[in-house]
Amino acid sequence: MPVDPSPRLTGENSARGAGTTRNASRHPHRGPATSAVEVRRSARRSRTVSAYREGDRTIVLIPARMSEAEERRWVGVMLDKLAAQESKRVLGDSELAERAERLSEQYFDGRAKPASVRWVTNQNTRWGSCTPAEGSIRLSHRLQGMPEYVVDYVLVHELAHLLVPGHGARFWRLLEAYPRTERARGYLEGVAAAGRLPHLPPAREE
């Protein structure tokens, strides 16, 4: 998939469905966190799919003849590509702490209040850790470069531990507030299965 030098991504649609062309149309989706996704269909496009950020929105341009199922699939693909591209800029500890504060406000009404949030290089068996008594959160440097929603999931996971220490049912109910929990876990499990990065904590306990 070719990538433009600007913060815009392009892909190629392998389907060549027949049918009449339509004027460009727009459909609302939701992207990472709360950013809106706008899909624009164009009769001038035959195979290419592209995406770029426009303020607080993500614009995805697709061929007019693409089916709804193909649209959903390509929106997901392009969101992940954009997120991975943006995550190449490594957040500093102060930016990571600000991000954690925003996530706490968004998903936990600000109840999770970490005293410190930072990257560490000595966590090879876990993605993140939390010491509730100290209010400290540490994220493995191995997350750097992964999609934004994956880093956010690990932050939300550790923020939830400030409220509930273990991995019981109450803890997993807290994580249900984050809409990309299952997708992020799937991503991390896939990486772990490849044997390159550490494993996840056990799945939900009843």
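Conventions adopted
- Residues numbered from 1 in each chain as written.
- Predicted model: local features only at pLDDT ≥ 70, side-chain atom pairs only at ≥ 80, totals over all residues.
- Heavy atoms only, no water.
- pLDDT = per-residue confidence, 0-100.
- Helix = DSSP H or I, 4+ residues; strand = E, 2+ residues; numbered from the N terminus.
- Contact = heavy atoms within 4.5 Å.
- Phe/Tyr/Trp six-rings, centres within 6.5 Å; stacked < 30°, edge-to-face > 60°.
- Buried < 20%, exposed > 50% of the residue type's maximum accessible area, 1.4 Å probe, protein only.
- Core = buried A, V, L, I, M, F, W, Y, C linked by side-chain atoms within 4.5 Å.

Colleague: Would you explain the confidence of the model for the protein in this entry?
Modeller: Interpretation of the predicted coordinates at a detailed level should be avoided for regions scoring low in pLDDT. When pLDDT is averaged along the protein, the result is 78, and 74% of the positions lie at 70 or above. Looking over the protein, one finds the lowest element-wise mean pLDDT in strand β1 (residues 8-12), namely 41, and the highest in strand β8 (residues 136-140), namely 95. The model gives residues 1-28 a pLDDT under 50, and that stretch makes 75 contacts with residues more than four places away or in other chains. Low confidence marks residues 30-34, where pLDDT is under 50. Its contacts with residues over four positions away, or in another chain, come to 12 contacts.

Colleague: How should I be thinking about the packing of aromatic side chains in this particular structure?
Modeller: The geometry of an aromatic ring pair is captured by the separation of the ring centres together with the interplanar angle, meaning the angle of the planes. A complete count under the given rule lists three aromatic pairs for this structure. Ring centres 5.3 Å apart and planes at 85° place the aromatic pair Y107 and Y178 in the edge-to-face group. Here Y178 lies in the loop between α4 (169-175) and α5 (181-193) and Y107 lies in helix α2 (residues 93-108), a separation of 71 residues in the sequence. Taken individually, Y107 and Y178 each receive the classification buried, so the pair is uniform in this respect. Note on Y149 and Y187: the rings are 6.5 Å apart at their centroids and 75° apart in plane angle, and the pair reads as edge-to-face. Residue Y149 is found in helix α3 (residues 148-163), and its partner Y187 is found in helix α5; the two are separated by 38 residues along the sequence. Residue Y149 is classed as buried on the basis of its relative accessible area of 2%. The exposure class of Y187 is partly exposed, given its relative accessible area of 30%.

Colleague: What is the right way to look at the nonpolar core in this model?
Modeller: Within soluble globular proteins, side chains that are nonpolar generally end up buried alongside one another. The biggest cluster of nonpolar side chains holds 34 residues, and the ones touching the most others in it are L96, F108, L139, L143, Y153, L155 and L188. Of all the secondary-structure elements, those providing two or more residues to this core are α2, β6 (116-120), β8, α3, α4 and α5. Per-element tally for this core: the top contributor is α3, with 10 residues. Aside from chain neighbours lying at most four places away, what touches L96 is L91, V117, R118, W119, L139, V151 and L155. Counting residues in each nonpolar core, the second largest holds 12 residues, with V39, V49, A51 and M66 among its members.

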